[in-house]
Amino acid sequence: MTQEEFNRGLLEFLDASPTPFHAVESMKKMLDRSGFELLDEKASWDLEAGQKYYVTRNDASVIAFTLPITFNGYVMLGAHTDSPTLKIKPNPVIASNGLIQLGVEPYGGLLMNPWFDRDLSIAGRVNFIDEEDKLQESLIDFKEPLAVISSLAIHLDKDANKNRTVNAQTDIVPIIAVGESFDFEQMLIGELADKGIDAEKILSYDLNFYDTQKAGYIGLNREFIASARLD
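Bear in mind the structure is a predicted one, so any value in this text is a computation, not a measurement.

Of regular secondary structure, the protein chain possesses four helices and nine strands. With respect to the three principal axes, the spread of C-alpha positions in the protein chain is 70 × 55 × 30 Å. When the 231 residues of the protein chain are sorted by exposure, 29% land in the buried category. Of the roughly 15300 Å² of accessible surface on the protein chain, a fraction of 51% belongs to carbon and sulfur atoms. Of note, the protein chain has its 21 positive side-chain charges centred 5 Å away from the centre of its 37 negative side-chain charges.

Below is the structure:
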């Protein structure tokens, strides 16, 4: 694999993985293409020397390993699938002053100031009852900008460039629509329908906002950037 191919794959992985669930889904596809076999944690394993395997848990973590033919030690690598983000609360709709906002909870060591004035979308996992009254789950990713956390105009916050303290419960509340009411559950059902999935009732979800700006190269090495840029 060349440096350009590695970089291209990394950018594609980042764009396809706005949540831990999507990151694991992306890694599963990579492992499958590389000849790894998916194992069920609830089943008995019959492993073969020299083969490659992986398991997942809660669709949010993945463990991949190779079984050596001769054992003389091992190398272990680890990384997060999650990252600091804004998770959508249960019953999140806040209707006030003609604006519809969604209540969020900061997750992880979140730097809150960079979230202002970004084009935000929603992704994650939804659990629902389908038309056959069966419990199902699905990943969703709206991909398009849906919301924004607006900064106050400078004349309304004259100390913004000197000292900006952010209240996690009142200041970081994304605006998603205008109006007096909003059916968040119906929005999720509609997104599932766009994927060809019929959902009768949303039971729960694990969703977060993310910045829709794509991963990319930064710098003045234009020749290298041009040769490795995503289509």
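Another point: unusual backbone geometry. Leaving glycine out, the prevailing phi sign among residues is negative, and the prevailing peptide bond configuration is trans. Unlike most non-glycine residues, N58 shows phi in positive territory, near 60 degrees. Along the polypeptide, N58 turns up in the loop between strand 2 (52-57) and strand 3 (61-66). The phi dihedral of D133 falls on the positive side, at around 65 degrees, and the residue is not glycine. Take D133: it is sitting in the loop between strand 6 (120-130) and strand 7 (135-141). For D133, a relative accessible area of 64% puts it in the exposed group.

Moving on, we get to the sheet that holds strand 1 (residues 37-38). Ordered in space as 1-2-3, the three strands form an open sheet in which the pairing is mixed. Single-partner strands in this sheet number two, and they are strand 1 and strand 3.

Turning our eyes to something else, we now look at the pairing of strand 4 (residues 85-96). With eight bridges connecting them, strand 4 and strand 5 (residues 99-107) associate as antiparallel partners. Paired with A95 across the strands is I100, a residue of strand 5. Count of turn residues in the strand 4/strand 5 antiparallel hairpin: two residues, of which N97 carries a positive phi of about 55 degrees. Relative to strand 9 (residues 199-211), strand 4 is paired through two bridges, and the arrangement is antiparallel. When the bridges of strand 9 are listed, K87 appears paired with N208.

What follows is about the pairing of strand 6. Burial analysis of strand 6 places eleven of its eleven residues in the buried class, the great majority of the element. Relative to strand 9, strand 6 runs antiparallel, the two sharing eleven bridges. Within strand 9, the residue paired with D130 across the bridge is A199. Adjacent in sequence and paired antiparallel, strand 6 and strand 7 are bridged by four residues, among which D133 carries a positive phi angle near 65 degrees.

With that settled, the discussion passes to the pattern of salt bridges. Oppositely charged side chains can pair when the atoms bearing their charge come close. On inspection of all chains with the given rule, the structure shows five salt bridges. Here D211 makes a salt bridge to R118, at a shortest N to O gap of 3.0 Å. Note that D211 is positioned in strand 9 and R118 in the loop between strand 5 and strand 6, a separation of 93 residues in sequence. Relative accessible area serves as the criterion here: at 27%, D211 is assigned to the partly exposed category. When its relative accessible area of 32% is taken as the criterion, R118 is described as partly exposed. For E132, the salt bridge is made with K134, and the minimal N-O distance between the two is 3.7 Å.

Rules behind the numbers
- Residues numbered from 1 in each chain as written.
- Predicted model: local features only at pLDDT ≥ 70, side-chain atom pairs only at ≥ 80, totals over all residues.
- Heavy atoms only, no water.
- Helix = DSSP H or I, 4+ residues; strand = E, 2+ residues; numbered from the N terminus.
- Buried < 20%, exposed > 50% of the residue type's maximum accessible area, 1.4 Å probe, protein only.
- Areas by Shrake-Rupley, 256 points an atom, 1.4 Å probe, with all protein chains shown as cover.
- Lys, Arg positive; Asp, Glu negative; His and termini not counted.
- Charge placed at Lys NZ, Arg CZ, Asp CG, Glu CD.
- Pairing = 2+ DSSP bridges.
- Salt bridge = Lys/Arg side-chain N within 4 Å of Asp/Glu carboxyl O.

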